[in-house]
Structure formats: C-alpha cells, structure tokens
Amino acid sequence: MSLMDTARKVRENAYAPYSNFKVGAAIRTTSGNVYGGVNVENVAYPEGTCAEAGAIAAMIAAGDTRIAEVAVIADSPIPVSPCGGCRQKLAEFGNGDVPVTLGTTDGKTMSTTLADLLPGAFTSDYMDRT
Ligand code: THU
C-alpha cells in the first residue's frame, strides 16, 4: 500500500465534526515503519490536533524518530497544505529533502519537500548551549 493510500485509509477515522474537514496523514520513517494520524477536533475548538501531529505522536510512541517520507490527504479542491505549526513539527524529525506528497480524495497530488514547505526552519542548529 502506498503512503498516500495509508493516509487515505486512516482519514476515514478522522474526528472532525466541527470543520467537517477530515485529514489523514502518514509518515514512513528511515527504518521503514509507517504511522498514520488524523485530525481530532474538540468542542473547545483550539484544543483540536492536526493529522500530521497525530502521525508524529504515533511514531514517537513507537520509539521511532526519523521521518523519510510524508503523505497528507483531505477532501479539498486543491492538495491540502499543512499548517505552519505542523511544518515546524515535521521539521523536527525530518531533513529538508524529505519528500512530502499532498493529496485530495479525488486523486490530485502535489509533490514538495519539508524545506520547500518551511524554508528557514527553527532547528537544533540554533540551540547549541554546551
Ligand atoms: N488540518 C489538519 O489536520 N492538517 C492539515 O494539514 C490542515 C488542517 C485540520 C485541522 C482542523 O481539524 C481541520 O483540518 C480544519 O482546519
């Protein structure tokens, strides 16, 4: 199953009763494992979490840390664009050249990379405190 197919499958379980905008994300790590995540909204709207954040949480809970590839899918007119916060979250665990495929449920796709999504990411390079 392709990474996008995994994102499409988990998306069915997204909990988005307030926006009605279900999103699925899938991450493949450098060790070859695949993790899915969906957006989980809350009646207190700011408490909702994005699909990408869910996939990252599943990856970390499994003891995996390095992202090799990302796919995100939504029922949108154009391929879904990860929010700024998720771009920063993804950049924590993947190099700039990590391929990211953004998709729509009707089959449109757009290929990009983490660096293209977030030029000038705030990284650990700024944090040498030794
Ligand atoms: N959302 C994601 O989960 N990922 C994205 O890449 C874009 C937006 C969610 C957040 C919220 O639950 C809904 O989509 C509408 O913004």
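Details of the structure are given in the entry above.
Scope of this entry: the structure provided in the associated data block. (Residues numbered from 1 in each chain as written. Predicted model: local features only at pLDDT ≥ 70, side-chain atom pairs only at ≥ 80, totals over all residues. Heavy atoms only, no water.)

Things to note about helix H1 (residues 3-11)
Among all positions of H1, only Leu3, Met4, Thr6, Ala7 and Arg11 are buried. Viewed end-on, H1 has its buried residues packed into an arc of 160 degrees, placing them on one side of the element. (Buried < 20%, exposed > 50% of the residue type's maximum accessible area, 1.4 Å probe, protein only. Helix = DSSP H or I, 4+ residues; strand = E, 2+ residues; numbered from the N terminus. Arc of directions from axis to C-beta.)

Digging into the site of the ligand
Taken together, Ser19, Phe21, Val23, Asn39, Glu41, Cys50, Ala51, Glu52, Val80, Ser81 and Pro82 make up the full set of residues adjacent to the ligand. Between the ligand and the protein, one listed contact pairs an oxygen atom with a side-chain N or O atom of Asn39 at 3.0 Å. Ala51 places a polar main-chain atom, nitrogen or oxygen, 2.9 Å from an oxygen atom of the ligand. Protein chains shield 76% of the accessible area of the ligand, which is 370 Å² for the free molecule. Assessed atom by atom at 2 Å from the grid points, the ligand resides in the largest pocket. When grouped by side-chain class, the residues that make up the shell around the ligand number 6 nonpolar, 3 polar and 2 charged. (Near = heavy atom within 4 Å. Polar contact = N/O pair within 3.5 Å; in protein donor to acceptor, adjacent residues only side chain to side chain. Areas by Shrake-Rupley, 256 points an atom, 1.4 Å probe, with all protein chains shown as cover. 1 Å grid on protein atoms, 1.4 Å probe; cavity = no way out; pocket = protein on both sides within 12 Å on 5 of 7 lines; lining within 4 Å. Sits in = over half its atoms within 2 Å of the grid points. Nonpolar A, V, L, I, M, F, W, Y, C, P; charged D, E, K, R; others polar.)

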